[in-house]
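Take a look at the letters that make up each chain.
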Amino acid sequence: MSGTSEWLDGHEEKAWNAFFEMQMLFWPQMARRLQQDTGLSEPDFAILGALVRAPEGRLRPYELSGVTQFEKSRLHHHLTRMAGRGLITRERCPGSSRGAVVALTPRGREAVTAAFPRRAEHVRRWLTGPLTPAQLDALTEISGTLAARLRAESEGTGQEGAGHEESGSGADEPPAAGGC
């Protein structure tokens, strides 16, 4: 693989097509079944999953933008919808007049806790189950390598979290050392 040709060679083209088709079939199936089985969308699940793992079930919006890769405006609207459903609350960050914290509610904790086993069932059915242990190891290694490369390239361009694109009020910016 020289990397200098404008076209993919046959081996690269075959890999790309297989990867692309798998993604096009996998993610809609996962999203549809998650919604049917739990009432949660993929972004709901990602946000609630991040919150349930966070200290005290709280994260700053800029941290959640890194999880969802939503731009600031889209994240704001999605969090508003989740708050309306009682899954999360928005709170003022102690010691900061502009900072905000997104907090998991008991209802949100219950929803994501109930969804985790269903998600595991889906992952096993459509991703890990059909693979041999060696294929699963290869998938893990390949995914880790590609994710590291993509993270490094996005950090090099200042694009590590889509929510950082619009600084606006600064409410979603990373905290100063030791606070919100």
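Preceding block: the structure.
Residues numbered from 1 in each chain as written. Predicted model: local features only at pLDDT ≥ 70, side-chain atom pairs only at ≥ 80, totals over all residues. Heavy atoms only, no water.

Visitor: Can you break down the pattern of salt bridges residue by residue, with the values?
Guide: For the structure on display, the rule yields seven salt bridges. Here Arg33 makes a salt bridge to Asp37, at a shortest N to O gap of 3.6 Å. Taken together, the positions of Arg33 and Asp37, both in helix H1 (residues 10–38) and four residues apart, correspond to about one turn of that helix. Since its relative accessible area comes to 25%, Asp37 is described here as partly exposed. The partner of Arg58 in a salt bridge is Glu91, and the shortest N-O contact between them spans 3.1 Å. Remark: Glu91 occurs in strand E2 (residues 88–92) and Arg58 occurs in strand E1 (residues 58–59); sequence separation between them is 33 residues. Overall, the relative accessible area of 28% leaves Glu91 in the partly exposed class. A single salt-bridge network, built from bridges that share partners, covers Arg33, Asp37, Arg118 and Glu121. (Salt bridge = Lys/Arg side-chain N within 4 Å of Asp/Glu carboxyl O. Helix = DSSP H or I, 4+ residues; strand = E, 2+ residues; numbered from the N terminus. Buried < 20%, exposed > 50% of the residue type's maximum accessible area, 1.4 Å probe, protein only.)

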